Amino acid sequence: MSFTLPDLPYSYDALAPYMSRETLEYHHDKHHLAYVNNGNNLLKGTEFEGKSLEEIVKGSFGKNAPLFNNAGQHYNHLHFWHWLKPNGGGAIPGELEKKLVEDFGSLDKFKEEFVAAGVGQFGSGWAWLAVKDGKLVVTKTPNGENPLVHGATPILGVDVWEHSYYIDYRNRRPDYLKAFVEHLVNWEYVAELYSKAG
Ligand SMILES: [Fe+2]
């Protein structure tokens, strides 16, 4: 398969004031597009042509760094647009809420750990909520890596590359992460991925 850039599932103004039109125009139209274009060029002539995106991400990790970086970022951003929604961050669907409380002690504790992972990722990368061996875990990864290559299934991720927040928050990454958790997360999509992760 070749990679294609999907449209955003909402308008460019829909996430303001927590994420501006300008951020989404750069992040989606330029950064994500570059991963798509570079990924397609790097895929040509490799053993991964014709494979699914997930197979490419897992298969290229540790073997073909340029392809992995772009395929990983394409995978991450495909989901990232759906991990956001206008008026997000509200009630968490029942089953998932129960599991979060079970595995983290409380919702506040989960949110604290998730934000701390994002703040603590040195340089570019992502913070994650993932399912590993039947448990919900918070992790962080550098650059384009994600939990798929560490034997886990990502169900929520936040992009902490500066291109995701610098226009709106400048160097205040913690404020961006708090706004993400409190006002932007699309919990219905997270719950959908959780139910598929089994
Ligand atoms: Fe990004």
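The rules we used
Residues numbered from 1 in each chain as written. Predicted model: local features only at pLDDT ≥ 70, side-chain atom pairs only at ≥ 80, totals over all residues. Heavy atoms only, no water. Domains from an automatic or database assignment. Contact = heavy atoms within 4.5 Å. Buried area = accessible area lost by both parts, 1.4 Å probe. Salt bridge = Lys/Arg side-chain N within 4 Å of Asp/Glu carboxyl O. Polar contact = N/O pair within 3.5 Å; in protein donor to acceptor, adjacent residues only side chain to side chain. Helix = DSSP H or I, 4+ residues; strand = E, 2+ residues; numbered from the N terminus. Nonpolar A, V, L, I, M, F, W, Y, C, P; charged D, E, K, R; others polar. Donors = N, O, S within 2.8 Å, 3.2 Å for Na, K, Ca; no water. Tetrahedral: all angles 85-135°; square planar, octahedral: opposite > 155°, others 65-115°. Expected span 1.5 Å × (residues − 1). Buried < 20%, exposed > 50% of the residue type's maximum accessible area, 1.4 Å probe, protein only. Arc of directions from axis to C-beta.

Draft legend 1. Spotlight on the domain arrangement of the protein. Taken as a whole, the protein is organised into domain 1 (21–83) and domain 2 (94–197). With centres defined by C-alpha atoms, the gap from domain 1 to domain 2 works out at 19 Å. Taken together, the 20 residues of domain 1 in the interface contact 28 residues of domain 2. Interface of domain 1 and domain 2: buried area, both sides summed, is about 2,000 Å²; carbon and sulfur atoms make up 64% of it. For domain 1, the biggest contributors to the area lost against domain 2 are T23, F80 and W83; these three give 36% of the whole. Scanning the region where domain 1 abuts domain 2 turns up 0 salt bridges. Linking domain 1 with domain 2 are 12 residue pairs in polar contact (both at pLDDT 80 or more), by the criterion used here. Those elements giving two or more residues to the side of domain 1 that touches domain 2 turn out to be α1 (21–43), α2 (53–60) and α3 (65–83). The leading source of residues in the side of domain 1 that touches domain 2 is α3, at 10 residues. Split into classes, the residues belonging to the side of domain 1 that touches domain 2 amount to 8 nonpolar, 9 polar and 3 charged.

Draft legend 2. A look at the coordination of the iron ion. Looking at the iron ion, the protein donor atoms are H27 (NE2), H77 (NE2), D159 (OD) and H163 (NE2), and they sit 1.9 to 2.1 Å from it. Bound by 4 donor atoms, the iron ion shows angles of 91 to 143° at the metal and therefore irregular coordination geometry.

Draft legend 3. Main features of helix α5 (residues 107–120). For α5, spanning 14 residues, the distance from its first C-alpha to its last is 20 Å, which sits close to the expected 20 Å at 1.5 Å a residue. Among all positions of α5, only L107, F110, K111, F114, V115, A117 and G118 are buried. Around the axis of α5, the buried residues are gathered within 155° of arc, so they sit on the same side. Away from the buried face of α5 by more than 90 degrees, exposed residues D108 and E112 are located. Structurally, α5 contributes buried residues whose contacts are with α4 (94–104), β1 (125–132), β2 (135–142), β3 (153–159), α7 (173–184) and α8 (187–197).

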